[in-house]
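# Breakdown of the fold
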Amino acid sequence: MINWFNSGADMQALYYTEFGAADCMQLGDLPLPVVGKGEVLVKVTAAGLNPIDVKTRAGKGFVAAGLGERESFCFVPGYDLAGTVETANEAFAVGSPVIGMVNFPLTKAGRGAGACAEYCAAVAADLVAAPKRVELALAAALPLAGLTAWQGLFQHGALQTGQRLLVLAGAGGVGHLAVQLGRSAGAEVGATASASNQDFLHSLGAQVCLDYSRPDALAAAGPWDLILDLMGGEVGRQALDWLAADGLMLTVPTLTAAELVAAGAAEGKRVQGYTVQPNKDQLIQLVELVDQGALNLHISHRLPMAQGPEAHRLLETGHMKGKVILENQSVS
Ligand SMILES: NC(=O)c1ccc[n+]([C@@H]2O[C@H](COP(=O)([O-])OP(=O)(O)OC[C@H]3O[C@@H](n4cnc5c(N)ncnc54)[C@H](OP(=O)(O)O)[C@@H]3O)[C@@H](O)[C@H]2O)c1
């Protein structure tokens, strides 16, 4: 059994050593991460949260399965990082503000993800210059959700101008970015959310705003060329009915992707799952859109790192508007 705590207390980090409810995470002292070849030490300003953080902590999904195979683990969550470069390297000067989707899904050493700490060692190729138009901490909301939306719409979905795009869960972390990206690409964009988030969908530019508690309106709004399913399960299953005969549904939650691909095949409809990948070029383009004012990040909660368990509980409601971030400095 590795003793994770015997090499000195060099930084504060959120971590857990077993799966469980949100309170299994604690903020405590851990050694500074060892910076490997091609990596950069980043002083973390803020970490963005994603549902995968919550699922992994609860012992669900492919990252938890990988962790569970180890004799023991000390997992520092957080794939989304915004911070300043601490160690000199070829790509960035010391002090450069950077963002990135880091250490996804797990480093060989089992260290990943690592952004919910004062310092994080990240592969330099996963980092890009932070947007200038928004406060650095807020930019932690962009990488994983932005890349998921980008890869769904443009890499896997090959979205074309004039096509009809439906985003299921358009008010969430990925959805609120996908709606805006779809509009930027000249698609006709529809999105679903609860009644209370219809104004938010409008503000993002969605032309067809749908309350998911009104099945008649949902059915009448189709067919759609591309559906970005951010809900999975029964919601994704129902959306198959609204897909154009030659359309494509991308189902993003990995836990139910296989069953929805099979359901699509049974109906002769194209359904595909995918897992987001770090991509420097795509992240640079997302940053450019933020700097141009064409992509707005909506942050519903910015909490101090010590409130990690509370932030996870917020995400667990399944009703966050935009993103939740954890900051190393307390908000004034
Ligand atoms: N495969 C991958 O690589 C990958 C990458 C990123 C994310 N994901 C997965 O994709 C999913 C979405 O991620 P996310 O970050 O966008 O999640 P999120 O921010 O937690 O999504 C929350 C949103 O879901 C909406 N919602 C809840 N019930 C709904 C329903 N029945 N119909 C439509 N919308 C509903 C809520 O809107 P209301 O408050 O209005 O109800 C809320 O705005 C998660 O399962 C995540 O794990 C997978």
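Residues numbered from 1 in each chain as written. Predicted model: local features only at pLDDT ≥ 70, side-chain atom pairs only at ≥ 80, totals over all residues. Heavy atoms only, no water.

### Some thoughts on the overall build of the protein
Rule in force here: Runs of H or I in DSSP of at least four residues are treated as helices and runs of E of at least two as strands, each being numbered from the N terminus. For the radius of gyration, the atom set is restricted to C-alpha positions; the globular benchmark scales as 2.2 Å times the number of residues to the power 0.38. Pairs of residues are marked as contacts when any of their non-hydrogen atoms sit within 4.5 Å.
Counting its regular elements, the protein contains 10 helices and 15 strands. The C-alpha atoms of the protein give 20 Å as radius of gyration, which agrees with the globular expectation for 332 residues (20 Å, within 12%). For the protein, the spread of C-alpha atoms along the three principal axes comes to 60 × 40 × 35 Å. Pairs at least 24 residues apart make up 68% of the contacts formed inside the protein by residues separated by at least 6 positions.

### Let's talk about the site of the ligand
Heads up, the condition is: One heavy atom suffices: a residue is near a molecule or strand as soon as one of its heavy atoms comes within 4 Å of it. Two N or O atoms form a polar contact when they lie within 3.5 Å of each other; inside protein one atom must be a possible hydrogen donor and the other a possible acceptor, and for residues adjacent in sequence the pair counts only when both atoms belong to side chains. Each accessible area is a Shrake-Rupley result for a 1.4 Å probe, and residues are judged covered by the shown protein chains and nothing else. Residues are grouped as follows: Ala, Val, Leu, Ile, Met, Phe, Trp, Tyr, Cys and Pro are nonpolar; Asp, Glu, Lys and Arg are charged; every other residue, Gly included, is polar. These domain limits were set by an automatic method or by a database of domain assignments.
Within the structure, the ligand sits among 26 residues, and Lys55, Ser194, Tyr212, Val276 and His319 are positioned closest to it. Residue valine 252 places a main-chain N or O atom 2.8 Å away from a nitrogen atom belonging to the ligand. The protein chains hide 89% of the 940 Å² of surface that the ligand would expose on its own. Listed by contribution, the elements that provide at least two residues to the shell around the ligand are helix H1 (51-57), helix H3 (143-156) and strand E9 (188-193). The residue inventory of the shell around the ligand, partitioned by class, reads 15 nonpolar, 10 polar and one charged. Among the domains, domain 1 (11-142 + 297-327) and domain 2 (145-273) are the pair contributing at least three residues each to the shell around the ligand.

### Section: helix H8 (residues 257-266)
Note the following rule: Relative accessibility decides the category of a residue: with a 1.4 Å probe and only protein chains considered, values under 20% of the type maximum give buried, values over 50% give exposed, and everything between is partly exposed. Starting at the helix axis, one direction is taken to each C-beta atom, and the arc is that of these directions.
Buried residues of H8: Ala257, Leu260, Ala263 and Gly264, and no others. Along the long axis of H8, the arc covered by the buried residues comes to 125 degrees, so they all point the same way. Residues of H8 that are exposed and point over 90 degrees away from its buried face: Ala258, Ala265 and Ala266. Tucked into the core, H8 has its buried residues touching strand E11 (224-229), helix H7 (233-239), strand E12 (243-251) and strand E13 (270-273). Remark: glycine 268 follows H8 within two positions and exhibits a positive phi of approximately 70 degrees.

### Looking at the nonpolar core
Counted only if it meets this: Grouping buried Ala, Val, Leu, Ile, Met, Phe, Trp, Tyr and Cys residues that are joined through side-chain atoms within 4.5 Å yields what is termed a nonpolar core.
Ranked by size, the top nonpolar core spans 90 residues in total, and within it Ile99, Leu127, Leu142 and Leu228 carry the most contacts. Per-element accounting of this core gives the leading share, six residues, to H3. Two domains each put at least three residues into this core: domain 1 (11-142 + 297-327) and domain 2 (145-273). If we skip the residues at most four places from it in the chain, leucine 228 touches Gly152, Leu153, Leu165, Leu166, Val167, Leu168, Ala178, Leu250, Val252 and Tyr274.

### Remarks on the domain arrangement of the protein
Interface size, as often reported, equals the accessible area lost upon joining of the parts. Here the domain parsing of the protein yields domain 1 (11-142 + 297-327) and domain 2 (145-273). Put simply, the middle of domain 1 and the middle of domain 2, counted by C-alpha atoms, are 27 Å apart. Tallying the contact residues gives 15 residues for domain 1 and 13 residues for domain 2. Viewed at the interface, domain 2 and domain 1 are joined by four residue pairs in polar contact (both at pLDDT 80 or more). The residue makeup of the side of domain 1 that touches domain 2, split by class, is six nonpolar, five polar and four charged.

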